[in-house]
Amino acid sequence: MSAIRHIRCHIFKLNQAEFAAIAGVTQASVSRWEAGTAPSLDEMRAIREAAIERNIEWNDSWFFEVPAKSSVESPGGAEGPATSSSSPCLSPEVAAP
């Protein structure tokens, strides 16, 4: 998982379009970030400020590496079951109709 995808899915819990809106970019930009293109410094600042405005605990290191264990994971290290209504970050295999 990319660092930005981790931030979007596990920190903000938003889909790409919602995350793009708070970062002030297009959904396509978020998609490019998740594919490996780094956001600009201004875009990173916007993401950090959005977290602070939402009272989300923030760590700038998340831009550079995915934490070994996310705070949303269960003690066993695996995430709980997800449904299409509860997670904006389902893989296509999990989000089957």
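Up top is the structure these notes are about.
Residues numbered from 1 in each chain as written. Predicted model: local features only at pLDDT ≥ 70, side-chain atom pairs only at ≥ 80, totals over all residues. Heavy atoms only, no water.

1. Thoughts on the state of the cysteines
(1) Moving on: Taken as a whole and judged by the stated rule, the model has 1 disulfide.
(2) Moving on: Bridging Cys9 to Cys89, the disulfide has an S-S length of 1.7 Å. With the S-S dihedral at roughly -100°, the linkage between Cys9 and Cys89 falls on the left-handed side. Here Cys89 lies in the segment after α4 (41-53) and Cys9 lies in helix α1 (residues 3-12), a separation of 80 residues in the sequence. (Disulfide = S-S within 2.5 Å. Helix = DSSP H or I, 4+ residues; strand = E, 2+ residues; numbered from the N terminus.)

2. Description of the environment of Ser2
(1) Moving on: Within the secondary structure layout, Ser2 lies in the segment before α1.
(2) Moving on: Beyond its immediate chain neighbours, meaning those up to four positions away, Ser2 contacts Glu34 and Val66.
(3) Moving on: Within the structure, Ser2 has its side chain in polar contact with the backbone nitrogen of Arg5 (distance 3.0 Å). (Contact = heavy atoms within 4.5 Å. Polar contact = N/O pair within 3.5 Å; in protein donor to acceptor, adjacent residues only side chain to side chain.)

3. A short note on the nonpolar core
(1) Moving on: The biggest cluster of nonpolar side chains holds 19 residues, and the ones touching the most others in it are Ile7, Phe12, Phe19, Trp33, Ile47 and Trp58.
(2) Moving on: Elements that contribute at least two residues to this core include exactly α1, α2 (16-23), α3 (27-35) and α4.
(3) Moving on: Non-local contacts of Phe19, meaning those with residues more than four positions away in its chain, are made with Ile4, Ile7, Arg8, Phe12, Leu14, Val30, Trp33 and Ile47. (Core = buried A, V, L, I, M, F, W, Y, C linked by side-chain atoms within 4.5 Å. Buried < 20%, exposed > 50% of the residue type's maximum accessible area, 1.4 Å probe, protein only.)

4. Brief notes about the packing of aromatic side chains
Working definition: an aromatic ring pair is given by the centre-to-centre distance plus the angle between the planes.
(1) Moving on: All told, the structure shown has 6 aromatic pairs when counted by the stated rule.
(2) Moving on: Of the aromatic side chains, those joined through ring pairs into one cluster are Phe12, Phe19, Trp33, Trp58, Trp62, Phe63 and Phe64. (Phe/Tyr/Trp six-rings, centres within 6.5 Å; stacked < 30°, edge-to-face > 60°.)

5. A few points about unusual backbone geometry
(1) Moving on: With a phi close to 60°, Lys13 is a non-glycine residue in the positive phi region.
(2) Moving on: With a phi close to 55°, Asn55 is a non-glycine residue in the positive phi region.
(3) Moving on: Structurally, the position occupied by Asn55 is in the segment after α4.
(4) Moving on: Given a relative accessible area of 73%, Asn55 falls into the exposed group.

That's the geometry; what it means functionally is another story.
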